[in-house]
Amino acid sequence: MRMARRDCLVAGGGLAAALLTGLGTSAHAAKRPATPVVLGHRGCSALRPEHSLGSYAKAIADGADYIEPDLVVTRDGVLVARHENNIVETTDVAMHPEFAGRKTTKIVDGASQTGWFTEDFTLDELRTLRVKERMVGEGLRTESHSYDGMFRILTLAEIGDFLAAESAARGRVVGLIPEIKHSTYFAGIGLPMEDRFLKGLGESKYLATAPVIVQSFEIANLKMLRGALHDKPNIQFMQLIDDDAQRPADVVKAGGATTYGQMTSARGLAEIATYADWVAPWTRQLMPLRADGRLGEPKPIFADAHRAGLLVGCYTFRPENQYLAADFRNDAGANARNPEGSVAEIRRYVAAGLDGFFTDDPALGRRALET
């Protein structure tokens, strides 16, 4: 167990202070942690259906510093944890004949999708569904599939209560790293998310002091939330980065031209540092693959972000061969778990200057930080 985690084995308000030690709270000068923080991507989504109680529990048991709920909205305005508002891949909604008529096609952030959407269901209706493993394929995430149908969809309030219970039971803090999903889209259909999120934070005694990192692929909502929460020392903000040529959805809506590639230039990172503490591209934007599929050299974003006062995170480390760079794969097949390869790949990124990372398997992330 690393020192930062031993420091957390105290009671009361000191828990949050212990985990936040070394992280900083100012968007202008975020202090780098002594050891990168492990972010449980949708919980422990390599071994349990994502965003389920089982996934979050496993992530915490395996040593995640934070768990991640992606937040979307129901028809009656409740924030729930789903990676997308289209729940066709992550629930058994297609097996419910009473909801067959709600299957539809929508444009979400410029992409056409067909399925069932959270904004067309009340919370009580969503309660009748059960969640399932999203990834399918022979031999792929078989342990997670064994839990299909066991868990229901969770609200932000329930997740906050669960973290409070886990923290009390385990004697250590567990942070929350929620993503505000499709902010511009939901505002456009009359279900804005930010005030609901602020209300949810305010109603949770645990989240009033526990570490929280608010993340978004959009810009305006992070700035708005920063303004509303600037006096909360337990809260940080993370700007997520998509492919270089793409633009944030709010930029598109406003007719702007700013791309994610421009945002990760030295000048763009300095601008992000005025409203966020973290910048988090996806893994290959930080260290691209070479032509032979092996991992290449770190890009300047590490140094440029640190120079601007930002912490550097990334998404997402997955333990199956198909998601690893070629130099870390074994010959067990594309869908096979390769824990050793995943640990080795994470270590390469950490050595390049990573401050925190999302992983589908927090136990492997914890192993990667062992010396």
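Just so you know, these numbers come straight off a predicted model, no measurement behind them.

Conventions adopted
- Residues numbered from 1 in each chain as written.
- Predicted model: local features only at pLDDT ≥ 70, side-chain atom pairs only at ≥ 80, totals over all residues.
- Heavy atoms only, no water.
- Helix = DSSP H or I, 4+ residues; strand = E, 2+ residues; numbered from the N terminus.
- Rg over C-alpha atoms; globule rule 2.2 N^0.38 Å.
- Contact = heavy atoms within 4.5 Å.
- Lys, Arg positive; Asp, Glu negative; His and termini not counted.
- Charge placed at Lys NZ, Arg CZ, Asp CG, Glu CD.
- Axes fitted to C-alpha atoms, helices over the stretch in contact; angles between N-to-C directions.
- Parallel < 35°, antiparallel > 145°, perpendicular 65-115°, else oblique.
- Left-handed = near helix turned anticlockwise from the far one by under 90°.
- Nonpolar A, V, L, I, M, F, W, Y, C, P; charged D, E, K, R; others polar.
- Disulfide = S-S within 2.5 Å.
- Buried < 20%, exposed > 50% of the residue type's maximum accessible area, 1.4 Å probe, protein only.
- Pairing = 2+ DSSP bridges.
- Phe/Tyr/Trp six-rings, centres within 6.5 Å; stacked < 30°, edge-to-face > 60°.

Topic: the overall build of the protein
Okay, step 1: Within the protein one finds 16 helices and 13 strands.
Okay, step 2: Scaling as 2.2 N^0.38, a compact globule of 371 residues should have a C-alpha radius of gyration of about 21 Å, and the protein matches this with 20 Å.
Okay, step 3: Dimensions of the protein along its principal axes, counting C-alpha atoms only, are 55 × 50 × 50 Å.
Okay, step 4: Once local pairs closer than 6 in sequence are excluded, the contacts in the protein between residues at least 24 apart make up 69%.
Okay, step 5: When the 43 positive and 47 negative side-chain charges of the protein are each reduced to one mean point, those points stand 3 Å apart.

Structural notes on the packing of helix 3 (residues 53–61) against helix 6 (residues 156–170)
Okay, step 1: For the pair helix 3 and helix 6, interaxial distance at closest approach is 11 Å and the crossing angle is 30 degrees. Classed by the angle they form, the pair helix 3 and helix 6 counts as roughly parallel. In this structure, helix 3 crosses over helix 6, and the sense of that crossing is right-handed. In contact with Leu53, Tyr56, Ala57, Ile60 and Ala61 of helix 3, helix 6 contributes Ile159, Phe162, Leu163, Glu166 and Arg170.
Okay, step 2: Tallied by class, residues from the contact of helix 3 with helix 6 come to eight nonpolar, no polar and two charged.

Section: the packing of helix 8 (residues 194–203) against helix 9 (residues 220–229)
Okay, step 1: Their axes nearest at 11 Å, the elements helix 8 and helix 9 cross at an angle of 35 degrees. By crossing handedness, the relation of helix 8 to helix 9 is classed as right-handed. On the side of helix 8, the interface is formed by Glu194, Asp195, Phe197, Leu198 and Leu201, while helix 9 contributes Asn221, Met224, Leu225, Ala228 and Leu229.
Okay, step 2: The class makeup of the residues in the contact of helix 8 with helix 9 is seven nonpolar, one polar and two charged.

Digging into the state of the cysteines
Okay, step 1: Evaluation of the coordinates by the stated rule reveals zero disulfides.
Okay, step 2: In this structure Cys44 is a free cysteine whose sulfur lies 17 Å from that of Cys314, the closest cysteine sulfur available.
Okay, step 3: Look at Cys44 and you get buried, because its relative accessible area is 0%.
Okay, step 4: Accessibility expressed as a relative area gives 0% for Cys314, which makes it buried.

Digging into the pairing of strand 13 (residues 356–359)
Okay, step 1: The alternating pattern of strand 13 places Gly356 and Phe358 and Phe357 and Thr359 on opposite faces, both of which are buried.
Okay, step 2: With four bridges connecting them, strand 1 (residues 37–40) and strand 13 associate as parallel partners. Counterpart to Val38 in the pairing with strand 13 is Phe357.

A few points about the packing of aromatic side chains
Okay, step 1: One pass over the full model with this rule turns up seven aromatic pairs.
Okay, step 2: With a centroid separation of 6.4 Å and 15 degrees between ring planes, the pair formed by Tyr147 and Phe151 is classed as stacked.
Okay, step 3: Given the relative accessible area of 22%, Tyr147 is considered partly exposed.
Okay, step 4: Relative accessible area serves as the criterion here: at 17%, Phe151 is assigned to the buried category.
Okay, step 5: Taken together, the ring pairs in this structure connect Phe217, Tyr260 and Tyr315 into an aromatic cluster.

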